[in-house]
Amino acid sequence: MAERVGTSRRTVERYHAGKLTKPQKRLQAARVEETESEGKTQARAQARAAAAASRGMMVEVTASFGCTCTGSSDDGRERQITTDISPTYVKQILELQVAGATEEELHPIVAEAITESYFTEWGTRADGLRADS
């Protein structure tokens, strides 16, 4: 912070300790910015932890339905899918997002999560059905 606002490290330390009676405006602004950023980071981390530990999260995707088997006349068509996905997948997705994964890199995990929740209903039907990303 000291480098960023153009002051000494000791001045920043004194400001944090509350020993400065008249801190520089740019130092005050930097501290506010830093505090807001830390708060947002903490809030995001708490939201990720809650989603990964709770019932999961709801996702909405546009999917193309169709059959790829030989001789099928079932051409693909787009549909909106809204479904809950399990906390296991939520944790994977959120960890990859934090690590900087692109949307394309997340597609296979989301497809697997949707297969489990929407198509096979947690293993109760359509055994062997698979969604591709």
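Residues numbered from 1 in each chain as written. Predicted model: local features only at pLDDT ≥ 70, side-chain atom pairs only at ≥ 80, totals over all residues. Heavy atoms only, no water.

Draft legend 1. View of the overall build of the protein chain. A count of helical and extended segments in the protein chain gives five helices and two strands. Across the protein chain, helices and strands are ordered from the amino to the carboxyl terminus as α-α-α-β-β-α-α. Split into buried and exposed, the 133 residues of the protein chain put 23% on the buried side. Nonlocal contacts in the protein chain, meaning residues at least 24 apart in sequence, comprise 43% of its contacts between residues at least 6 apart. Carbon and sulfur atoms make up 48% of the accessible area of the protein chain, which totals about 9600 Å². (Helix = DSSP H or I, 4+ residues; strand = E, 2+ residues; numbered from the N terminus. Buried < 20%, exposed > 50% of the residue type's maximum accessible area, 1.4 Å probe, protein only. Contact = heavy atoms within 4.5 Å. Areas by Shrake-Rupley, 256 points an atom, 1.4 Å probe, with all protein chains shown as cover.)

Draft legend 2. Just the packing of helix α4 (residues 87–98) against helix α5 (residues 103–119), in detail. Packing of α4 against α5 leaves a shortest axis separation of 10 Å and a crossing angle of 165°. Judged by the angle between their axes, α4 and α5 are roughly antiparallel. When you trace α4 past α5, the crossing you get is left-handed. On the side of α4, the interface is formed by Tyr89, Gln92, Ile93, Leu96 and Gln97, while α5 contributes Leu106, Ile109, Val110, Glu112, Ala113 and Glu116. In terms of residue class, the contact of α4 with α5 is built from seven nonpolar, two polar and two charged. (Axes fitted to C-alpha atoms, helices over the stretch in contact; angles between N-to-C directions. Parallel < 35°, antiparallel > 145°, perpendicular 65-115°, else oblique. Left-handed = near helix turned anticlockwise from the far one by under 90°. Nonpolar A, V, L, I, M, F, W, Y, C, P; charged D, E, K, R; others polar.)

Draft legend 3. Here's a closer look at the nonpolar core. With 13 residues, the main nonpolar core has Ile81, Ile85, Tyr89, Ile93 and Ile114 as its most contacted residues. Residue assignment for this core shows that the elements contributing at least two residues are β1 (57–65), β2 (77–85), α4 and α5. Setting aside its immediate chain neighbours within four residues, Ile114 contacts Val59, Val61, Ile81, Thr83, Ile85 and Phe119. (Core = buried A, V, L, I, M, F, W, Y, C linked by side-chain atoms within 4.5 Å.)

Draft legend 4. Structural context of α5. For α5, the principal kink sits at Ile109 and spans about 25°. Along α5, the residues that are buried comprise Leu106, Ile109, Ala111, Ala113, Ile114, Thr115, Ser117 and Phe119. Residues of α5 that are buried make contact with β1, β2 and α4. (Bend = angle between axes of the 7 residues up to and from the residue.)

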